[in-house]
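Single-letter residue listing:
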Amino acid sequence: MGLIARAIEEAGVPTLSMSSARDITRSAWPARSVYLDYPLGHTAGQPNKPELNEAIMRDTLAAFESLSEPGSMAHLPYRWADTDDWKDKVFAPMESKKASDDSPEYDDDRVARYDTPQYQTDDDQTAAEHSHDGEECLVCVGIDY
Amino acid sequence: MPTNYQRLQPPVDYIPRITAQYSGLGYGEYQWLQSEDAPAWTPLSKPLSESKLGFICTGGIYSAGQTAFHFKDDTSYRAIPTDVNVEDLRATHFAYDLTDARKDINVVFPVEQLRTMVDEGVIDSLAPDAYTLMGGIYSTRRVVEELIPALVDRVLADEVDVVLLVPV
């Protein structure tokens with residue numbers, strides 16, 4: 001995403017990148033970024049907490065006007081939980097993981113990298129196939145068939 | 001605020017951890033983007049409260065009826081109307097826990113809180129469409145040659161004043 005942010009900024013449109021991976025965002029170095037120390041998969045907030053997520057978004061968008069140094073990052077004060085214990089289980093080193101193969105101790109959300117569309121539900125697949133029955137598909141924008 | 005400060009930890013260093021995981025699973029060496037030069041900088045042309053905002057999200061989000069993303073260097077994107085019913089949104093991905101995104105898509109595709117920002121006057125309006133991507137693309141060349149030009153064209157055609165990027 002960092003490359004995309006940099007390209008859009010270069011094309012003349014100001015960008016702001018949300019981030020829950022500080023080192024990845026620092027390495028990519030987009031024009032403006034806001035760091036929220038939440039687990040991956042929660043870049044914009046917590047599920048079913050609209051007021052919290054609105055506060056996060058309000059503070060995030062403020063960085064458009066508060067950051068003035070190219071490549072700078074604002075840190076938001078929100079914490080995922082009272083403790084940071086969730087960090088112990090995130091992508092733990094492989095050595096540790098191998099040692100615990102029999103009783104998985106660490107989160108591992110990897111799956112095989114299939115090269116066919118991966119639908120959340122069978123109904124979605126049916127709906128997508130149905131939308132391709134007509135002569136003109138209105139939802140195929142951006143898809144290279 | 002937490003009271004047990006001794007339990008707090010610094011930000012997670014994802015680059016070494018994810019690199020090790022990907023290698024261990026036989027995905028090959030992932031080349032993280034390391035920008036050597038400072039980014040370009042475009043000042044805001046008007047106050048944020050008068051700005052039209054576009055947003056782009058990775059995380060494999062699609063709307064029911066659209067073709068889902070695949071998991072192997074998918075450089076396509078989807079246009080999702082920003083007045084979409086969030087019940088129609090889906091997420092599939094190979095690299096993060098989808099549980100919470102499927103409970104409430106706003107954690108990775110913050111469309112409802114952005115609509116609230118319009119209602120509150122924090123921003124003036126949203127672009128008619130948001131764009132979603134897969135991310136986790138191994139080929140930088142394909143991102144640069146295929147995906148970025150298409151997205152930049154889209155953003156310019158939408159005449160947005162600012163763009164928010166929401167990676168997973």
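Please refer to the structure placed before this passage.
Every value quoted in this text rests on a predicted model; they were computed, and no experiment measured them. (Residues numbered from 1 in each chain as written. Chains lettered and ligands numbered in written order. Predicted model: local features only at pLDDT ≥ 70, side-chain atom pairs only at ≥ 80, totals over all residues. Heavy atoms only, no water.)

Student: Got a minute to help me understand the overall build of chain A in this structure?
Tutor: Of regular secondary structure, chain A possesses 5 helices and 3 strands. What you see in chain A, going N to C, is helices and strands ordered as α-β-α-β-α-β-α-α. Residue burial in chain A is summarised as follows: out of 145 residues, 48% are buried. Taking all contacts inside chain A whose residues are at least 6 apart in sequence as the whole, residues at least 24 apart take part in 46%. Surface accessibility of chain A: about 7,300 Å² in total, with carbon and sulfur atoms responsible for 47%. (Helix = DSSP H or I, 4+ residues; strand = E, 2+ residues; numbered from the N terminus. Buried < 20%, exposed > 50% of the residue type's maximum accessible area, 1.4 Å probe, protein only. Contact = heavy atoms within 4.5 Å. Areas by Shrake-Rupley, 256 points an atom, 1.4 Å probe, with all protein chains shown as cover.)

Student: Would you take a moment to explain the side chain of aspartate 124 of chain A for this structure?
Tutor: Structurally, the position occupied by aspartate 124 of chain A is in helix H5 (residues 122-130). Given the relative accessible area of 2%, aspartate 124 of chain A is considered buried. For aspartate 124 of chain A, the side chain forms a polar contact with the side chain of threonine 121 of chain A, separated by 3.1 Å. Those residues within four positions of aspartate 124 of chain A in sequence are excluded, and the remaining contacts are Tyr119 of chain A together with Tyr62, Ala64 and Arg90 of chain B. (Polar contact = N/O pair within 3.5 Å; in protein donor to acceptor, adjacent residues only side chain to side chain.)

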